[in-house]
Amino acid sequence: MRSRRIVAAVIATAALAGLGLTGAATAATAQGGPSYVTPSQCEQGGGTPRIDLPGNPCVGGKYNGQAVD
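Overview of the structure. (Residues numbered from 1 in each chain as written. Predicted model: local features only at pLDDT ≥ 70, side-chain atom pairs only at ≥ 80, totals over all residues. Heavy atoms only, no water.)

### Overview of the state of the cysteines
Moving on, step 1. Within the structure shown, the criterion is met by one disulfide.
Moving on, step 2. Between the sulfur atoms of Cys42 and its disulfide partner Cys58 the distance amounts to 2.0 Å. Residues Cys42 and Cys58 share a disulfide whose torsion about the S-S bond is about 90 degrees; that sign makes it right-handed. Within this pair, whereas Cys42 is found in helix H2 (residues 39-44), its partner Cys58 is found in strand S3 (residues 58-59), the two being separated by 16 residues in sequence. (Disulfide = S-S within 2.5 Å. Helix = DSSP H or I, 4+ residues; strand = E, 2+ residues; numbered from the N terminus.)

Structure (structure tokens):
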């Protein structure tokens, strides 16, 4: 009986630690994204680089709203 409780506690601890690591990885990815994209990245993502507009945005697609460098 005691070994079952120990095993259950170890599994629960591992599961909670895994959730914590997943949350940290998600936060790091969201903050670590590039602030600029190249014109080709904008087009490959389905957008159109609009360097004629203020701020040179990528319009549409995956990088919508990001500045084109």
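Now that the structure has been shown, the text picks up again.
### Quick notes on unusual backbone geometry
Moving on, step 1. Even without being a glycine, Asn56 presents a positive backbone phi close to 50 degrees.
Moving on, step 2. Checked against the element boundaries, Asn56 lands in the loop between strand S2 (48-49) and S3.

### Regarding the environment of Gly60
Moving on, step 1. With respect to the helices and strands, Gly60 occurs in the loop between S3 and strand S4 (67-68).
Moving on, step 2. Residue class for Gly60 comes out partly exposed when judged on its relative accessible area of 24%.
Moving on, step 3. With sequence-adjacent residues up to four places away left out, Gly60 is seen in contact with Gly46 and Gly47. (Buried < 20%, exposed > 50% of the residue type's maximum accessible area, 1.4 Å probe, protein only. Contact = heavy atoms within 4.5 Å.)

### Regarding the nonpolar core
As a rule of thumb, soluble globular proteins bury nonpolar side chains together.
Moving on, step 1. Ranked by size, the top nonpolar core spans five residues in total: Val37, Cys42, Cys58, Tyr63 and Val68.
Moving on, step 2. In contact with Val68, not counting residues within four places along its chain, are Val37, Thr38, Pro39, Pro49, Ile51, Asn56, Pro57 and Cys58. (Core = buried A, V, L, I, M, F, W, Y, C linked by side-chain atoms within 4.5 Å.)

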